[in-house]
Amino acid sequence: MSVRILALVGSLRAGSHNRQLAEAAVKFAPEGADVEIFEGLAEIPFYNEDIDVKDVVPAAAAKLREAAASADAFLLVSPEYNGTIPAVLKNAIDWLSRPFGAGAFGGKPVAVVGTAFGQYGGVWAQDETRKSAGIAGGKVLEDVKLSIPGSLTRFAETHPADDAEVAAQLTEVVARLHGHVEAAA
């Protein structure tokens, strides 16, 4: 059974270390797991019930929902902006939480990882992301965490995929996410 894991990255910056973490997750996915980074979070309008109308949902939001509906699990990759979750990631969670009671998270496993410059690696934002994804209907894996501090210096000249410690930790996160999907099947 092939497990499809959809990665949503909370940073839009081209050289984002969190984007690089997602790229490393793609590279180190265990056999039988396919990690796909969703492209297009920047194009999704802010959630508004007035535009979330059947057959009239904005195309970018519909694309996100379609990708999420076919996913078996989610890997949310979050930096920390002013001590909390970036708006682009929160907006994606908001779109995926609807329609109420039938959102795309629908009890699917969710793991949250990330990196930030601060000494705690964005743990506040990642905790908020877990909270939001859980309320939105995801089965948040509270014991599967990876918060990498000091991103600006640690990854100044090294891609996270080339950092042996990070690669091992990220491989474990994706393997555990994959294992939760297989165990539930």
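Up top you'll find the structure we're talking about.
Since this is a predicted model, take the numbers as computed values, not measurements.

Focus: the layout of surface pockets
Reasoning step 1: Roughly 180 Å³ of internal volume is contained in the largest pocket.
Reasoning step 2: Forming the walls of the largest pocket are 13 residues, and the residues nearest its centre are Arg13, Asn18, Pro79, Thr115 and Ser151.
Reasoning step 3: Those elements that place two or more of their residues in the lining of the largest pocket are helix 1 (17-27) and helix 5 (151-154).
Reasoning step 4: Each residue belonging to the lining of the largest pocket can be placed in one class, and the counts come to five nonpolar, six polar and two charged.
Reasoning step 5: Residue lining of the second largest pocket: 13 residues in total, with Ser11, Leu12, Arg19, Phe38 and Glu39 positioned closest to the centre.
Reasoning step 6: Here the residues of the lining of the second largest pocket sort into seven nonpolar, two polar and four charged.

Focus: the packing of helix 1 against helix 6 (residues 164-184)
Reasoning step 1: One can describe the packing of helix 1 onto helix 6 by two numbers: an axis separation of 9 Å at closest approach and a directional angle of 65°. Here helix 1 lies roughly perpendicular to helix 6, going by the angle between them. The chirality of how helix 1 crosses helix 6 is right-handed. Contacts between helix 1 and helix 6 involve Leu21, Ala24 and Ala25 on the former and, on the latter, Val166, Leu170 and Val174.

About the criteria used
- Residues numbered from 1 in each chain as written.
- Predicted model: local features only at pLDDT ≥ 70, side-chain atom pairs only at ≥ 80, totals over all residues.
- Heavy atoms only, no water.
- 1 Å grid on protein atoms, 1.4 Å probe; cavity = no way out; pocket = protein on both sides within 12 Å on 5 of 7 lines; lining within 4 Å.
- Points joined across faces, edges and corners; volume = space filled by probe spheres on them.
- Helix = DSSP H or I, 4+ residues; strand = E, 2+ residues; numbered from the N terminus.
- Nonpolar A, V, L, I, M, F, W, Y, C, P; charged D, E, K, R; others polar.
- Axes fitted to C-alpha atoms, helices over the stretch in contact; angles between N-to-C directions.
- Parallel < 35°, antiparallel > 145°, perpendicular 65-115°, else oblique.
- Left-handed = near helix turned anticlockwise from the far one by under 90°.
- Contact = heavy atoms within 4.5 Å.

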